[in-house]
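Below, each chain spelled out in residue letters.
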Amino acid sequence: MASQSQGIQQLLQAEKRAAEKVADARKRKARRLKQAKEEAQMEVELYRREREQEFQSKQQAAMGSQGNLSAEVEQATRRQVQGMQSSQQRNRERVLAQLLGMVCDVRPQVHPNYRIAV
């Protein structure tokens, strides 16, 4: 009986070691997958940065002349706005005087369509 008990104990220990080896193998596999995923993510990020930089350089080359054009348009717009503001400042008093004159100088008259009822 003792040899049977010893054989069962050896089988249980062997099964336990096998389970531990399988668990270790699963852990190593999970670690390798995680590492591969991180490396792939870094590669994707590097590729995306390279493409973004390439796009920015092409865009800068294509838009360089247009960038100057937009700056010129913006400057011309600023000049026009300043001209309008200075014109408004110059003519403000005269326009206010005309408006006040029209509003305050009331001349009562009978409307041409008014008929006196008999």
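In this text, all values refer to a predicted model and were calculated from it rather than measured experimentally.

Draft legend 1. Quick look at the overall build of the protein chain. A tally of regular secondary structure across the protein chain gives one helix and zero strands. A globule of 118 residues ought to have a C-alpha radius of gyration of about 13 Å, yet the protein chain, at 45 Å, is considerably larger. If you line up the protein chain on its principal axes, its C-alpha atoms span 145 × 55 × 25 Å. Put simply, the protein chain has 118 residues, and 0% of those count as buried. Just so you have it, the protein chain exposes about 11,900 Å², and 56% of that area is on carbon and sulfur atoms. Taken together, the 22 basic and 14 acidic charged side chains of the protein chain have centroids lying 4 Å from each other.

Draft legend 2. The arrangement of the environment of E74 in detail. Relative to the elements of secondary structure, E74 occurs in helix 1 (residues 2–104). Overall, E74 belongs to the partly exposed group, its relative accessible area being 42%.

Draft legend 3. Geometry of the pattern of salt bridges. Within the structure shown, the criterion is met by six salt bridges. Between E54 and R51 there is a salt bridge, and its shortest N-O distance comes to 2.8 Å. Of this pair, E54 and R51 both sit in helix 1, three residues apart, which is roughly one turn of that helix. On the accessibility criterion, E54 (33% relative accessible area) is partly exposed. E74 is the partner of R78 in a salt bridge, and the nearest nitrogen-oxygen pair spans 2.5 Å. One end of the pair is R78 and the other is E74, both in helix 1 and four residues apart, which spans about a single turn. Residues joined by salt bridges that share partners form a network here, namely E45, R48 and R49.

Draft legend 4. Structural detail: the environment of A61. Along the chain, A61 turns up in helix 1. A61 sits in the exposed class, given a relative accessible area of 64%. In sequence terms A61 and N113 are 52 residues apart; their C-alpha atoms lie 72 Å from each other.

Draft legend 5. Local environment of a nonpolar patch on the surface. Residues V95, L96 and L99 make up a contiguous nonpolar surface patch of about 240 Å² in total accessible area. With respect to the helices, strands and loops of the structure, V95 is situated in helix 1.

Rules behind the numbers
Residues numbered from 1 in each chain as written. Predicted model: local features only at pLDDT ≥ 70, side-chain atom pairs only at ≥ 80, totals over all residues. Heavy atoms only, no water. Helix = DSSP H or I, 4+ residues; strand = E, 2+ residues; numbered from the N terminus. Rg over C-alpha atoms; globule rule 2.2 N^0.38 Å. Buried < 20%, exposed > 50% of the residue type's maximum accessible area, 1.4 Å probe, protein only. Areas by Shrake-Rupley, 256 points an atom, 1.4 Å probe, with all protein chains shown as cover. Lys, Arg positive; Asp, Glu negative; His and termini not counted. Charge placed at Lys NZ, Arg CZ, Asp CG, Glu CD. Salt bridge = Lys/Arg side-chain N within 4 Å of Asp/Glu carboxyl O. Patch = residues over 30% accessible without salt bridge, like charges linked within 9 Å, V, L, I, M, F, W, Y side chains within 5 Å.

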